[in-house]
Amino acid sequence: MGIGALTVDKLVQKLNINKIVAEILIDRGIDTEDKLELFLNGTIDDIHDPALIPNIEKVTSTIKECAYFSSITIYSDYDCDGVCSAYIMQSAIRMIAPNADVNIYIANRFREGYGLSKKAVERIADSGTELIITLDCGISNNEEIEYARSLGLDVIIIDHHEREDPPDTLFVDLKVNNGLYPFKELCGTGITWKVCQYLTGDKLLDFLDVVTIATIADVVPLVDENRIIVKEGLEKLRRGSINAGIQSIIDVCNIDRSVLSTTDIGFSIGPIINAIGRLDSAYPAFQILIEEDEQERGYIAHELYQANMQRREITKKVLLEIEKDIDEGDKVIVCQSKAHQGIVGLIAGRISSRYNRPAIVVDGKSRKGSGRSVEPFNLYDNLKACLEEGLLEAAGGHAMAAGITIIPERFESFKIRINELARDIEFIVSDYDKEISLDDIDASLIDDLEILEPCGDGNRRPLFLTRNVRPENIWVLPGGEHIKFTVNDIDAIAFKKAYLEDVLTRGNVDIIYTVGWNEWNGRKSIQMIVEKIKPAGNN
């Protein structure tokens, strides 16, 4: 055991916490004094020096020169991460050159598709721009960037996606080349923020609220400096001066800002910013971040909110249709339907979560698809193999999430091949952190779990397994999607799991859940958020 090593008993004594929480900390690698100090008390001063990022000197020098002497177009992806990146980059350039000629081009999912397109390059070239800065995209657009350079344009890529053969142009992408920089899991906005810190010579803490929202919405691991960003950013969002557009979104969501959480961002604010780009142009999501008129911000916030409501209805309808044709014998579920192009990723995620295996959903009209995976199946690598075999027109993304363009006449061959590649894979479904009894659930456990916050991908809210419990007071909520019940007088709710009503009514069950406080109408009570429900003893 090394110097400063921690054990469960030492953590219990040092922090005066519940033993179950101490066990979770050790399981998550918080097993030395230094790691514990950074996990509990890390501040913005502990984030890494942007000077360590490869190419940052050349990238920022080029941006500065163009900001003073020529025209720049910022080209960003259409999701929350992309529009937040564009907002920060434009603001930073205006900080160093208030009169800079900076244009914003938010990619349109339906016109350009993902990444940089030749049509977009032509439009930008016709506008007189001399430098394109791609944000949250570009690293996979070798052909388009070569075309841009043939038209006399310079291109800088700031991205966070994987690529083995990046374009021949200046880029910052820690997944491609992290050099001496010790952390590779920043989202696109996080990398943009770091580049802009170096560009301006300022920590840019005023943008921490926007970086935090993008970090959570893009579901990057909340570890290392991402944890610090979100921890400090949540404090700013709760108590500090924040972007007026973000405030308008918080208002339309009717969220109490003083207790705003990662859940509020992940399930309300992030989806509202994302939704408009799933259905139409994402520009309003960018506009609300820069809009100075309060009334206009209110209008835009309402537009974004309504778009998210529409997105939910479309998702629900398409998911019901797709599930009728799912073959549960497949190792990788591959579906093609009239799914709306903008929501195929959401549906793939829902299917992957429900069936505990990778899922790929394709919109037959656009031929665009999106996939979500389960460890240890590297979706990006296996889709790339299919691409190299001529079974796909395009593929790109991450190990756990990726996008494709299909070749219609080769779709069935692709479906067979991706399942062959997964044939010998045993999927790792990390169902729960600890098995506990209902007697273990008390106020001290719930209060001490707060030490793990902020929680998210890579540092999830602990999931507990309790076996052989008797559900009572079972009822499906209005709308038919969610179901509530009680176990041992503890309230429980299972979102989007009303289809398991029969399982709950037939007898005792095993449940996997998170647990916390629920406050409603001045009453504070323990509540379970149930993730999985199975008949008791059915492993």
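In case you missed it, the structure is sitting above this.
Scope of this entry: the structure provided in the associated data block. (Residues numbered from 1 in each chain as written. Predicted model: local features only at pLDDT ≥ 70, side-chain atom pairs only at ≥ 80, totals over all residues. Heavy atoms only, no water.)

**Looking at the overall build of the chain**
For step 1, the next point in the chain: A tally of helices and strands in the chain yields 19 helices and 17 strands.
For step 2, the next point in the chain: The C-alpha atoms of the chain give a radius of gyration of 24 Å, which matches the 24 Å a tight globule of 539 residues would have.
For step 3, the next point in the chain: Reported as C-alpha extents along the three principal axes, the dimensions of the chain are approximately 70 × 55 × 55 Å.
For step 4, the next point in the chain: For the chain, with 539 residues in total, the buried portion stands at 52%.
For step 5, the next point in the chain: Put simply, of all contacts in the chain between residues at least 6 apart along the chain, 66% involve residues at least 24 apart.
For step 6, the next point in the chain: For the chain, the accessible surface area stands at approximately 24,300 Å², while carbon and sulfur atoms represent 45% of it.
For step 7, the next point in the chain: Looking at the chain, you have 59 positive and 88 negative side-chain charges, and the mean spots of the two groups are 4 Å apart. (Helix = DSSP H or I, 4+ residues; strand = E, 2+ residues; numbered from the N terminus. Rg over C-alpha atoms; globule rule 2.2 N^0.38 Å. Buried < 20%, exposed > 50% of the residue type's maximum accessible area, 1.4 Å probe, protein only. Contact = heavy atoms within 4.5 Å. Areas by Shrake-Rupley, 256 points an atom, 1.4 Å probe, with all protein chains shown as cover. Lys, Arg positive; Asp, Glu negative; His and termini not counted. Charge placed at Lys NZ, Arg CZ, Asp CG, Glu CD.)

**Topic: the sheet that holds strand E11 (residues 434-435)**
For step 1, the next point in the chain: Read across the sheet, 7 strands follow the order E11-E12-E16-E17-E15-E14-E13 without closing on themselves; strand pairing throughout is mixed. Each edge of the open sheet carries a strand with a single partner, namely E11 and strand E13 (472-476).
For step 2, the next point in the chain: Relative to strand E17 (residues 523-535), strand E15 (residues 490-494) runs parallel, the two being bridged by 3 bridges. Bridged to Ala492 within E17 is Met528. (Pairing = 2+ DSSP bridges.)

**Focus: the pattern of salt bridges**
For step 1, the next point in the chain: Applying the stated criterion across every chain, the model contains 23 salt bridges.
For step 2, the next point in the chain: Note that Arg460 and Asp433 form a salt bridge whose closest N and O atoms lie 3.2 Å from each other. With a gap of 27 residues between them, Arg460 in the loop between helix H18 (443-449) and strand E12 (464-469) and Asp433 in the loop between helix H17 (411-421) and E11 connect regions that are remote in the sequence.
For step 3, the next point in the chain: A residue is classified by how much of its surface remains accessible, and Arg460, at 25% relative accessible area, is partly exposed. (Salt bridge = Lys/Arg side-chain N within 4 Å of Asp/Glu carboxyl O.)

**Re the packing of aromatic side chains**
For step 1, the next point in the chain: Under the defined criterion, the tally for this structure stands at 6 aromatic pairs.
For step 2, the next point in the chain: Ring geometry for Tyr283 versus Phe286: centroids 5.6 Å apart, planes at 50 degrees, classification tilted. One end of the pair is Tyr283 and the other is Phe286, both in helix H13 (residues 283-290) and 3 residues apart, which spans about a single turn.
For step 3, the next point in the chain: On the basis of relative accessibility, which here comes to 33%, the residue Tyr283 falls in the partly exposed class.
For step 4, the next point in the chain: Looking at Arg227, its charged tip hangs above the ring of Phe39, at a distance of 3.5 Å from the centre. (Phe/Tyr/Trp six-rings, centres within 6.5 Å; stacked < 30°, edge-to-face > 60°. Lys NZ or Arg CZ within 6 Å of the ring centre and 35° of its normal.)

**Brief notes about the side chain of Asp77**
For step 1, the next point in the chain: Along the chain, Asp77 turns up in the loop between strand E1 (71-76) and helix H5 (80-96).
For step 2, the next point in the chain: One buried charged residue, Asp77, forms no salt bridge at all, with the nearest opposite charge on Arg109 at 6.7 Å.

**Description of the nonpolar core**
For step 1, the next point in the chain: Met89, Ile93 and Ile133 are the most contacted members of the largest nonpolar core, which totals 95 residues.
For step 2, the next point in the chain: Among the elements that make up this core, the one with the highest residue count is H5 (10 residues).
For step 3, the next point in the chain: Those residues in contact with Ile93 that lie beyond four places of it in its chain are Ile63, Ala67, Ile72, Ile74, Ala100, Val102, Ile133 and Leu199.
For step 4, the next point in the chain: In terms of nonpolar packing, the next biggest core, distinct from the first, is built from 39 residues, Val21, Ile30, Leu500 and Val530 among them. (Core = buried A, V, L, I, M, F, W, Y, C linked by side-chain atoms within 4.5 Å.)

**What about the sheet that holds strand E3 (residues 131-135)?**
For step 1, the next point in the chain: Taking strand neighbours across the sheet as the criterion, the 5 strands line up as E2-E1-E3-E4-E5 in an open arrangement whose pairing is parallel. The open sheet terminates on both sides in strands that have one partner only, identified here as strand E2 (101-106) and strand E5 (170-172). The mean inter-strand angle of the sheet, taken between neighbouring strand axes irrespective of direction, is 20 degrees.
For step 2, the next point in the chain: Of the strand pairs in this sheet, E1 and E2 are connected by 6 bridges, and their pairing is parallel. (Axes fitted to C-alpha atoms, helices over the stretch in contact; angles between N-to-C directions.)

**Focus: the layout of surface pockets**
For step 1, the next point in the chain: Each pocket or cavity is described by its volume, and for the second largest pocket that value is around 300 Å³.
For step 2, the next point in the chain: Looking at the second largest pocket, it is lined by 18 residues, and the ones nearest its centre are Ile30, Phe39, Val223, Asp224 and Arg227.
For step 3, the next point in the chain: Ranked by residue count, the leading element in the lining of the second largest pocket is helix H10 (residues 224-239), at 4 residues. (1 Å grid on protein atoms, 1.4 Å probe; cavity = no way out; pocket = protein on both sides within 12 Å on 5 of 7 lines; lining within 4 Å. Points joined across faces, edges and corners; volume = space filled by probe spheres on them.)

**Structural notes on the pairing of strand E6 (residues 333-337)**
For step 1, the next point in the chain: Pairing geometry for E6 and strand E7 (residues 359-363), over 5 bridges, is parallel. Bridge pairing in E7 links Ile333 to Ala359.
For step 2, the next point in the chain: A crossover connection joins E6 to the parallel E7 through helix H15 (residues 344-355); in handedness this β-α-β unit is right-handed. (Right-handed = clockwise from strand over helix to strand, strands pointing away.)

**Some points on the side chain of Lys497**
For step 1, the next point in the chain: In this fold, Lys497 is placed in the loop between E15 and helix H19 (501-506).
For step 2, the next point in the chain: For the buried Lys497, which has no salt bridge, the nearest side chain bearing the opposite charge is Glu531, at an N-O separation of 4.8 Å.
For step 3, the next point in the chain: Each residue touching Lys497, except ones within four places of it in the same chain, is listed here: Glu481, Ile483, Val530, Glu531 and Lys532.

**Comments concerning helix H12 (residues 262-279)**
For step 1, the next point in the chain: For H12, with 18 residues, the first-to-last C-alpha span of 25 Å sits near the 26 Å given by 1.5 Å per residue.
For step 2, the next point in the chain: Counting buried residues along H12, 14 of its 18 residues qualify, which places the element largely inside the surrounding structure. (Expected span 1.5 Å × (residues − 1).)

**Details of the packing of H5 against H13**
For step 1, the next point in the chain: In contact at an axis separation of 9 Å, H5 and H13 are set at 40 degrees when each is read in the N-to-C sense. One way to sum up the angle between H5 and H13 is to call them oblique. For the pair H5 and H13, the crossing hand works out as right-handed. For the pair formed by H5 and H13, the contact residues are Val83, Cys84, Ala86, Tyr87 and Gln90 on the first element and Ala285, Phe286, Leu289 and Ile290 on the second.
For step 2, the next point in the chain: Looking at the contact of H5 with H13 residue by residue, the classes come out as 8 nonpolar, 1 polar and no charged. (Parallel < 35°, antiparallel > 145°, perpendicular 65-115°, else oblique. Left-handed = near helix turned anticlockwise from the far one by under 90°. Nonpolar A, V, L, I, M, F, W, Y, C, P; charged D, E, K, R; others polar.)

**Points about unusual backbone geometry**
For step 1, the next point in the chain: In this structure, Pro376 follows Glu375 across a cis peptide bond, with omega equal to 0 degrees.
For step 2, the next point in the chain: A cis geometry characterises the amide bond from Glu453 onward to Pro454, with omega recorded as 0 degrees.
For step 3, the next point in the chain: Counting through the fold element by element, Pro454 comes out in the loop between H18 and E12.

**Describing the packing of helix H1 (residues 8-15) against helix H2 (residues 19-27)**
For step 1, the next point in the chain: Between H1 and H2, the least distance of the axes is 9 Å, while the angle of their chain directions is 120 degrees. Classified by the angle their axes make, H1 and H2 are oblique. In this structure, H1 meets H2 at a crossing whose hand is right-handed. Within the contact between the two elements, H1 uses Val8, Leu11, Val12 and Leu15 and H2 uses Lys19, Ala22, Glu23, Leu25 and Ile26.
For step 2, the next point in the chain: Each residue belonging to the contact of H1 with H2 can be placed in one class, and the counts come to 7 nonpolar, no polar and 2 charged.

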